[in-house]
Amino acid sequence: MKFGTEEQKERYLPRLAKGALSAFALTEHDVGSDPANMSTTAKLSDDGLHWILNGEKLWTTNGPRAELIVVMARTPAPEGSNRKPISAFIVETEWAGVEVTHECSFMGLKGLSNGILRFTNVKIPRENLLWDEGKGLKLALITLNTGRLAMPAFCAAGAKGALEMCRDWANSRVQWGRSIGKHDAIAQMLGKMTANAFAMDSLVDLTARMSDSGNFDIRLEAAIAKLWTSETGWDTANDALQIRGGRGYENHGSLLARGDIPYPVERHLRDARINMIFEGSSEIMRLFIAREAVDSHLAIAGDLVNPKASLGAKLRALVRAGFHYVWWYPTRFLGWSVWPRYMKFGGLGSHLRFVERASRRLARATFHAMVRFGPKLEKRQAVLGRIVDIGSDLLVMTAVIIRARELGETTEKKGADALADLFCRMARRRITARFPALFNNDDSTTYGVARRFLDDDFLWLEEGIVSAEAYRHQAEAAILAGSTLETEPLEPVRTT
Ligand SMILES: Cc1cc2nc3c(=O)[nH]c(=O)nc-3n(C[C@H](O)[C@H](O)[C@H](O)COP(=O)(O)OP(=O)(O)OC[C@H]3O[C@@H](n4cnc5c(N)ncnc54)[C@H](O)[C@@H]3O)c2cc1C
């Protein structure tokens, strides 16, 4: 829809409208979050009429059943460059040379069709190049941005499902003389889950409306929505499982077979886990969001704090930074964020005033981080992560307050104010704790231990277990025997 030519749309959209499945193939064995090592290639045939596609794609959702696949592949470097760009192609699975070599199965998403696709000298008509040569990665990013608005909605729906199951169970399950929902430890989880579910819904509502209006570049908000709802959705599913106790861990079929209520909580948990990995893992989302926040500073003053920059570059940066920050920095301190501002938000106004103060504080802290770490800030992922998490909570607080105010004007949805208030209180505590941790933390010590761990300094800690090395041998033996079935359980192997 977005990138196809009129001719491509005429050829393929009717098929899709009639139910043809489509897929999107970017990932390869060596290409996960980073597309740098992409090895699938497309070269023009000698007569120039076709692109010849070769390579293998991993984990293509819908791949085994799709009729049409958008495949990312490297195309030849343009003249004067040795960088082979990535381009996107529409590939029909019926064409010679397209095969599904393996159907993957996962911890969750058991209904998902997903597989490895191999392309051997597939002849793609030249006109099936999508958008322009070399624009594949940009296309993938734009496509992912749209996906990032859908996933928060799935996560919010999952959280609502968890609420429904827990409301019934926490009321009806009686232990130690009272329903478990009235024991404080469980009530704390229920309160948090309810406020978080409301927050997820509010964030979906806000980002969807921003997108629909067409007036905003919502890349950042969509990324935050994906990151925040996938992580909060996971916490919610985890709490729901805990509240269900042993029945949370037992699967739906087993519960049903013995006549117990078959709430599929363990399935929810398994299904929710992947949301933090695909369509941009949490770590990559934090980097993406942080880069947007820090890049504007680095563009203006980066050379000033870069020890490798020349004197000339430093002087130019000094002038640029002088002009910019003489206005910018003081305004990150000034602002009217005390009562009676936001009075129309009633009791939630104080939270909105906090959002405003904390936003300015975050802007200052981001600037301080750049001054302190210079270009190395890019590598301080834990610091950047805290900056992003503060910003995310501030956005969600705003979404929650807006929604509560709107719902407050209707009579049938009562208590939105209470949910918004609880969410904002929890978020404020997180934010207040994260600010001092920006520069006072154990990041370097933790990094040091991780490096020593990678250098095998702590091998002694792994003694006496069934070694993962043994699993590797088992897989190799299975492949040699032409089978991937599990063999006999392994005997413990001494690991030193
Ligand atoms: C069920 C399922 C469906 C999928 N569907 C599709 C599909 O339809 N099409 C498709 O193309 N792909 C698909 N994928 C692939 C998915 O998008 C990738 O799993 C995802 O991009 C992450 O890549 P990876 O698993 O190779 O992890 P890697 O990139 O190898 O990362 C491993 C870990 O390292 C972290 N990491 C990586 N780089 C950094 C960094 N710079 N800084 C900090 N941490 C980092 C990651 O966050 C992750 O925690 C699917 C995967 C699954 C499991």
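Everything below is about the structure printed above this text.
Let me sum up the structure you'll find in this document. The residue numbering used here restarts from 1 in each chain and proceeds along that chain's sequence as written. With pLDDT at 70 or above as the cut-off, local features in this predicted model cover only qualifying residues; side-chain atom pairs require 80 or more to be listed or tallied, and sums for whole chains, interfaces and linings still use all residues. Derived side-chain values reflect all non-hydrogen atoms in the structure, with water molecules and hydrogen atoms excluded from consideration.

A look at the site of the ligand
Here, proximity means that at least one heavy atom of the residue falls within 4 Å of the molecule or strand. If you check the shell around the ligand, you find 20 residues, and the closest are Phe-24, Thr-27, Ser-33, Ser-281 and Glu-283. At a separation of 2.6 Å, an oxygen atom of the ligand approaches a polar side-chain atom of Ser-33. At 2.6 Å from an oxygen atom of the ligand is found a side-chain nitrogen or oxygen belonging to Glu-283. Each helix is a run of DSSP H or I of at least 4 residues and each strand a run of E of at least 2, with the numbering of both proceeding from the N terminus. When residues of the shell around the ligand are traced back to their parent elements, those giving at least two are strand 1 (22-25), strand 3 (50-61) and helix 8 (282-301). Partitioning the shell around the ligand into residue classes produces eleven nonpolar, eight polar and one charged. The residue makeup of the shell around the ligand includes at least three contributed by each of domain 1 (6-132) and domain 2 (139-280). Two N or O atoms count as a polar contact when they lie within 3.5 Å, although within protein this holds only if one can serve as hydrogen donor and the other as acceptor, and sequence-adjacent residues are included solely when both atoms are side-chain atoms. Each residue is assigned to one of three groups, with Ala, Val, Leu, Ile, Met, Phe, Trp, Tyr, Cys and Pro labelled nonpolar, Asp, Glu, Lys and Arg labelled charged, and all others, Gly among them, labelled polar. Domain borders in the structure are assigned automatically or taken from a domain database.

What about helix 1 (residues 6-17)?
What a helix should span is 1.5 Å times the count of its residues minus one. Compared with an ideal rise of 1.5 Å per residue, which puts twelve residues at 16 Å, helix 1 spans 16 Å between its outermost C-alpha atoms and is within 8% of the ideal. Where helix 1 ends, the next residue or the one after it, Gly-19, has phi of about 115°, a positive value.

Comments concerning a nonpolar patch on the surface
By definition, no residue in a patch forms a salt bridge, and every one has over 30% relative accessible area; like charges are joined within 9 Å, nonpolar side chains (Val, Leu, Ile, Met, Phe, Trp, Tyr) within 5 Å. Here the open area of atoms and residues is found with the Shrake-Rupley method and a 1.4 Å probe, where only the protein chains shown may cover a residue. Salt bridge, as used here: a side-chain nitrogen of Lys or Arg that lies within 4 Å of a carboxyl oxygen of Asp or Glu. Judged by side-chain polarity, Leu-304, Leu-311, Leu-315 and Leu-318 come together as a nonpolar surface patch covering roughly 390 Å² of accessible area. Along the polypeptide, Leu-315 turns up in helix 9 (residues 311-331).

Some points on the packing of helix 10 (residues 349-373) against helix 11 (residues 381-408)
To get an axis, a line is fitted to the C-alpha atoms, and for a helix only the part in contact is used. The angle between two axes follows their N-to-C directions and goes from 0 to 180 degrees. Their axes nearest at 10 Å, the elements helix 10 and helix 11 cross at an angle of 160°. Viewed along their axes, helix 10 and helix 11 adopt a mutual orientation that is roughly antiparallel. The element helix 10 and its partner helix 11 pack so that their crossing is left-handed. Contacts between helix 10 and helix 11 pair His-351, Leu-352, Phe-354, Val-355, Ala-358, Ser-359, Leu-362, Thr-366, Ala-369 and Phe-373 from the former with Val-383, Ile-387, Ile-390, Gly-391, Leu-394, Met-397, Thr-398 and Ile-401 from the latter. Looking at the contact of helix 10 with helix 11, its residues break down into 13 nonpolar, five polar and no charged. In these notes the angle categories are as follows: under 35 degrees is roughly parallel, over 145 is roughly antiparallel, 65 to 115 is roughly perpendicular, and the rest is oblique. Crossings are classed by handedness, with left-handed meaning an anticlockwise turn of the near helix from the far one by less than a right angle and right-handed meaning a clockwise turn. We call two residues in contact when some of their heavy atoms are within 4.5 Å.

Details of the packing of helix 4 (residues 219-244) against helix 7 (residues 265-273)
Each packed pair of helices is defined by two parameters, the angle between the axes and the distance between the axes. Direction vectors running N to C along helix 4 and helix 7 enclose 160°, while the axes themselves pass 9 Å from each other. Relative to helix 7, helix 4 is oriented roughly antiparallel. As for the relative orientation of helix 4 and helix 7, their crossing is left-handed in sense. Note on element contacts: helix 7 touches helix 4 through Val-265, Glu-266, His-268, Leu-269, Ala-272 and Arg-273, opposite Trp-234, Ala-237, Asn-238, Ala-240, Leu-241 and Arg-244. Each residue belonging to the contact of helix 4 with helix 7 can be placed in one class, and the counts come to seven nonpolar, two polar and three charged.

Remarks on the nonpolar core
In a soluble, globular protein the nonpolar side chains are often hidden away together inside. To define a nonpolar core, start from buried Ala, Val, Leu, Ile, Met, Phe, Trp, Tyr and Cys residues and group those joined through side-chain atoms within 4.5 Å. Residue exposure (1.4 Å probe, protein chains only): buried if accessible area is under 20% of the type maximum, exposed if over 50%, otherwise partly exposed. Counting residues in each nonpolar core, the largest one holds 65 residues, and the members touching the most others are Leu-377, Leu-394, Met-397, Val-400, Phe-423 and Phe-435. Broken down by secondary-structure element, the contributors of at least two residues to this core are helix 2 (136-172), helix 3 (184-213), helix 4, helix 8, helix 10, helix 11 and helix 12 (416-437). Among the elements that line this core, the one with the most residues is helix 11, at 14 residues. If you count residues domain by domain, this core takes at least three from each of domain 2 (139-280) and domain 3 (285-447). What Val-400 contacts, discounting residues up to four positions off in sequence, is Phe-198, Ala-199, Ser-202, Ala-420, Phe-423 and Cys-424. Counting residues in hydrophobic clusters, the runner-up holds 32 residues, among them Leu-26, Leu-53, Ile-86 and Ala-140.

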